[in-house]
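# Structural characterization, general
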Amino acid sequence: MAYSTTTTVALQVAGLLLALTAVAASANMMSGSAAPVNKSCVTGSAGAAVSIGYGGARASAGAGVSLSAGAYRATCPRAEEIVRAGVERAVAADLRMAASLLRLHFHDCFVNGCDGSVLLDDKPPFFIGEKTAVPNANSLRGFEVVDAIKAELEQECPETVSCADLLAIAARDSVVVSGGPTWEVEAGRKDSRTASLQGANANLPAPTSGVATLIQKFRNVGLSAKDMVALSGAHTIGKARCTSFSARLASGAGVSFSTAADMGFLQSLQQLCSGSAGSALAHLDLATPATFDNQYYINLLSGDGLLPSDQALASPLGATVPGGADDVDVAGLVAAYAFNASVFFQDFAESMHQMGRLAPGGGGGNGEVRVNCRVVNSSS
């Protein structure tokens, strides 16, 4: 679909220059030595491995759960190869699937930890899981891709690779196949025998959330404000329905559409959504919609964030959020990621690693390795 000139290089550069002061202020938040500036402001080291401190060969994600890199090297040596091939096939057939698989991992981990609960099918009236929660219904997708990969894993090494680990590995591979960074995925998760509709409705951030709410949602599960800004960069790929950004169209989410280009961006979205009953889809990143890069943050500086929760990150009104040792200059961090894709890639990988360690309540000691990701094992 055609959009206005709001995504032209001239406007991007103007937005970046206006944010120069914020970048300088946020420099101290980064590592002691400044990373080389990515002058394109768009591309990073696609597929490059990033260095993450794992705190030892094994790490505890919570009582009763022990994760380690290369957990399947002995028990299922081809596990990651099988997942990667399945992801590559799925994305080749449907570019949007990369974002969908990445989102499945997010929505799994934010509800009672990374336990594969989001994959369980409802069995009314006895069991209602997370798929019909407001943030998930008619929105989450990719379940058939997970089914196909799981079937291959079961044929290769039965009852060995959990569905929760499959999601974590597939999320990483979805980023890599889209041009983003790679990292070692810790594994060893067990699959939950239950799910939480209430948890999904309460824990997952809404597309209309402000900065304070977003930070609190992340803190609630043990992630930081910096993790929130970095993980929001997942919106550099994928699409959203008009119902997700209708508030953006009505008010501009606190952004003044003062230039002709800004107004063109708004009007093009209004035209897309008119008459669609909210079902039409728009790219979360209008400039490079299928490439995992830092263009998402450049868009925010230009006022071109699609979701209200996205554009709020670049608003000076939400830059300072008190209450916690993890406070960051949110708008400054957005600008830093816009200027340097390598910094974004590093922080995104580290935050994905931290999110992947979110453990089920009670330690997940009663988990299992599901044979079919949609249902608990019959012997349970």
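Residue indices begin from 1 for each chain and proceed along its sequence in written order. In keeping with the predicted nature of the model, local features appear solely for residues at pLDDT of at least 70, side-chain atom pairs appear and are counted solely at 80 or more, and the whole-chain, interface and lining totals rest on all residues. Values shown for side chains rest on all heavy atoms present in the structure; no hydrogens or waters enter the calculation.

### As for the overall build of the protein
When helices and strands are tallied, the protein shows 15 helices and 5 strands. The classification of residues rests on relative accessible area computed with a 1.4 Å probe and restricted to protein chains. Under 20% of the type maximum is buried, over 50% is exposed, and intermediate values are partly exposed. Across the 380 residues in the protein, those meeting the buried criterion constitute 53%. Put simply, 79% of the contacts in the protein that link residues at least 6 apart link residues at least 24 apart. Note on areas: these come from Shrake-Rupley sampling with a 1.4 Å probe, and a residue is covered only by the protein chains present in the view. Of the roughly 15700 Å² that the protein leaves accessible, carbon and sulfur atoms contribute 56%. Note on conventions: DSSP H or I runs of at least 4 residues are helices, E runs of at least 2 residues are strands, and numbering of each starts at the N terminus. Two residues form a contact once any of their heavy atoms are found within 4.5 Å.

### Topic: unusual backbone geometry
With an omega of 0°, the peptide bond running from Pro124 to Pro125 counts as cis. Following the sequence through the fold, Pro125 ends up in the loop between helix H4 (97-109) and helix H5 (143-156). The backbone of Asn112 sits at a positive phi, close to 60°, despite the residue not being glycine. Inspection of the secondary structure assignment puts Asn112 in the loop between H4 and H5. With a phi angle near 55°, Glu159 is a residue other than glycine that sits in the positive phi range. Position of Glu159 among the secondary structure elements: in the loop between H5 and helix H6 (163-177).

### A word on the UniProt feature "binding site: Ca(2+) 2" (unreviewed entry) in the protein
UniProt positions are given in the numbering used here, feature names are shortened, and annotations may be inferred rather than shown by experiment. Within this numbering scheme, the UniProt entry marks Thr236, Asp285, Thr288 and Asp293 as carrying the feature "binding site: Ca(2+) 2" (unreviewed entry). Annotated residues spanning 58 residues; largest pairwise C-alpha distance 9.8 Å, indicating a single compact cluster. Non-local contacts of Thr236, meaning those with residues more than four positions away in its chain, are made with Asp285, Thr288, Pro289, Thr291, Phe292, Asp293, Gln295 and Tyr296. Not counting residues within four places of it along the chain, the set of residues in contact with Thr288 comprises Thr236, Asp293 and Gln295. The definition of a polar contact used here is a pair of N or O atoms within 3.5 Å, where within protein one atom must be able to donate a hydrogen and the other to accept one, and adjacent residues in sequence count solely through side-chain atom pairs. At 2.9 Å, the side chain of Thr288 forms a polar contact with the side chain of Asp285.

### Focus on helix H15 (residues 341-356)
For H15, which comprises 16 residues, the first-to-last C-alpha distance of 22 Å matches the rise-based estimate of 22 Å (1.5 Å per residue) to within 8%. Buried residues dominate H15, accounting for 12 of its 16 residues. Those residues of H15 that fall on the buried side of the exposure criterion are Ala341, Val343, Phe344, Phe345, Asp347, Phe348, Ala349, Ser351, Met352, His353, Met355 and Gly356. Backbone nitrogen of Ser342 and a side-chain oxygen of the N-cap are separated by 3.0 Å at the start of H15; the cap is Asn340. To estimate the expected span of a helix, count its residues, drop one, and scale the result by 1.5 Å.

### Describing the environment of Lys123
Position of Lys123 among the secondary structure elements: in the loop between H4 and H5. Separated by 252 residues in sequence, Lys123 and Val375 have C-alpha atoms that sit 9.4 Å apart.

### Brief notes about the UniProt feature "site: Transition state stabilizer" (unreviewed entry) in the protein
When the UniProt feature table is mapped to this numbering, "site: Transition state stabilizer" (unreviewed entry) covers Arg103. Residue position: Arg103 is located in helix H4. Residue contacts for Arg103: discarding those within four places in its chain leaves Pro135, Ser139 and Leu140.

### Things to note about the state of the cysteines
What counts as a disulfide here is a pair of cysteine sulfur atoms lying within 2.5 Å. With the rule as written, the count across this model stands at 4 disulfides. Paired through a disulfide, Cys76 and Cys157 show a sulfur-sulfur distance of 1.8 Å. Its S-S torsion of approximately -45° makes the covalent link between Cys76 and Cys157 left-handed. Here Cys76 is found in the loop between strand E2 (65-69) and helix H3 (79-93), whereas its partner Cys157 is found in the loop between H5 and H6, with 81 residues between them in sequence. Cys157 matches Cys76 in its accessibility class, with the two residues each being buried. The disulfide that involves Cys109 links it to Cys114, with 2.0 Å between the sulfurs. Residues Cys109 and Cys114 are joined by a disulfide whose S-S torsion is about 115°; by sign, that bridge is right-handed. Across this residue pair, the class does not change: Cys109 and Cys114 are buried. Taken N- to C-terminal, the disulfide-bonded cysteines of the protein are connected 1-4, 2-3, 5-8, 6-7.

### Observations concerning the packing of aromatic side chains
Any two of the Phe, Tyr and Trp rings considered here, Trp counted by its six-membered ring, make a pair once their centres fall within 6.5 Å; the pair's planes then place it as stacked at under 30 degrees, edge-to-face at over 60, or tilted in between. Going through the model one piece at a time under the given rule, you end up with 11 aromatic pairs. On the numbers, 6.1 Å between centres and 45° between planes, the contact of Phe292 with Phe345 is tilted. Here Phe345 lies in helix H15 and Phe292 lies in the loop between strand E5 (281-283) and helix H12 (295-301), a separation of 53 residues in the sequence. Exposure class is identical for Phe292 and Phe345. Each is buried. Plain terms: the ring middles of Tyr296 and Tyr297 are 4.8 Å apart, the flat faces sit at 85° to each other, and that makes the pair edge-to-face. Each member of the pair, Tyr296 as well as Tyr297, carries the same accessibility label: buried. Among the aromatic residues, those joined into a cluster by ring pairs are Trp183, Phe292, Tyr296, Tyr297, Tyr337, Phe344, Phe345 and Phe348. Positioned above the aromatic ring of Phe143, the side-chain terminus of Lys131 is 4.1 Å from the ring centre. In this scheme, Lys NZ or Arg CZ marks a charge over a ring once it lies within 6 Å of the ring centre and within 35 degrees of the ring normal.

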